[in-house]
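# Tertiary structure, described
Next come the chains, spelled out residue by residue.
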Amino acid sequence: MADRHLHLTGTTAGRLLTRRLGLPRPAEPRRRPASGAVNGQVVRVCGQSPLGA
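Quick caveat, the model's predicted, so the values are computed rather than measured. Each chain carries its own residue numbering, running from 1 in the direction its sequence is written. Where local features are concerned, this predicted model is filtered to residues with pLDDT of at least 70; where side-chain atom pairs are given and counted, the filter is 80 or more; whole-chain, interface and lining totals use all residues. Values shown for side chains rest on all heavy atoms present in the structure; no hydrogens or waters enter the calculation.

### What to know about the overall build of the protein
Basically, it comes down to this: For helices the rule is a DSSP run of H or I covering at least 4 residues; for strands it is a run of E covering at least 2, with both sets numbered from the N terminus onward. Only protein chains enter the calculation, and the probe is 1.4 Å; a residue is then buried if its accessible area is under 20% of its type maximum, exposed if over 50%, and partly exposed in between. Working definition of accessibility: Shrake-Rupley area with a 1.4 Å probe, residue cover restricted to the visible protein chains.
Helix and strand counts for the protein stand at two helices and zero strands. Within the protein, buried positions represent 6% of all 53 residues. For the protein, the computed accessible surface area is about 5,600 Å², with 55% contributed by carbon and sulfur atoms.

Structural data, given as structure tokens:
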């Protein structure tokens, strides 16, 4: 949903509409680099479910 709102507010008509409706300007979402590298620690959980499923 945030991407649709961001795309809409990036157009001239969408910007006008969102200002008239009093909607907030969405923040640009932070994305991972295209290389797939992750900065920081990663927790990987493996094994069987305690629910037995």
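Following the structure, the description resumes.
### Regarding a nonpolar patch on the surface
Heads up, the condition is: Each patch groups residues whose relative accessible area exceeds 30% and which form no salt bridge, using 9 Å between like charges and 5 Å between nonpolar side chains of Val, Leu, Ile, Met, Phe, Trp and Tyr. Definition used for salt bridges: Asp or Glu carboxyl oxygen within 4 Å of a side-chain nitrogen of Lys or Arg.
Taken together, the side chains of Leu-17, Leu-21 and Leu-23 make up a nonpolar region of the molecular surface, amounting to roughly 290 Å² of accessible area. One can find Leu-17 in helix 2 (residues 12–21).

### What to know about the side chain of Thr-9
For clarity, the cut-off: Polar contact criterion, stated in full: a pair of N or O atoms within 3.5 Å, where within protein one must be able to donate a hydrogen and the other to accept it, and residues adjacent in sequence count only if both atoms are side-chain atoms. In this analysis, two residues are considered to be in contact whenever any of their non-hydrogen atoms come within 4.5 Å of each other.
For Thr-9, the location among the structural elements is in helix 1 (residues 2–9). Overall, the relative accessible area of 13% leaves Thr-9 in the buried class. Within the structure, Thr-9 has its side chain in polar contact with the backbone oxygen of Leu-6 (distance 3.0 Å). Contact partners of Thr-9, with chain neighbours within four places excluded, come to Gly-14, Arg-15, Thr-18 and Pro-26.

### Brief notes about the environment of Pro-26
Residue placement: Pro-26 occurs in the segment after helix 2. Residues contacting Pro-26, with those up to four places away along its chain left out, are His-5, Leu-6 and Thr-9.

### Concerning the environment of Arg-15
Relative to the helices and strands, Arg-15 is located in helix 2. Note on Arg-15: relative accessible area 35%, which makes it partly exposed. Taking the C-alpha atoms as reference points, Arg-15 and Arg-25, separated by 10 residues in sequence, lie 8.8 Å from one another. Discounting chain neighbours no more than four positions away, the residues touching Arg-15 are Leu-8, Thr-9 and Gly-10.

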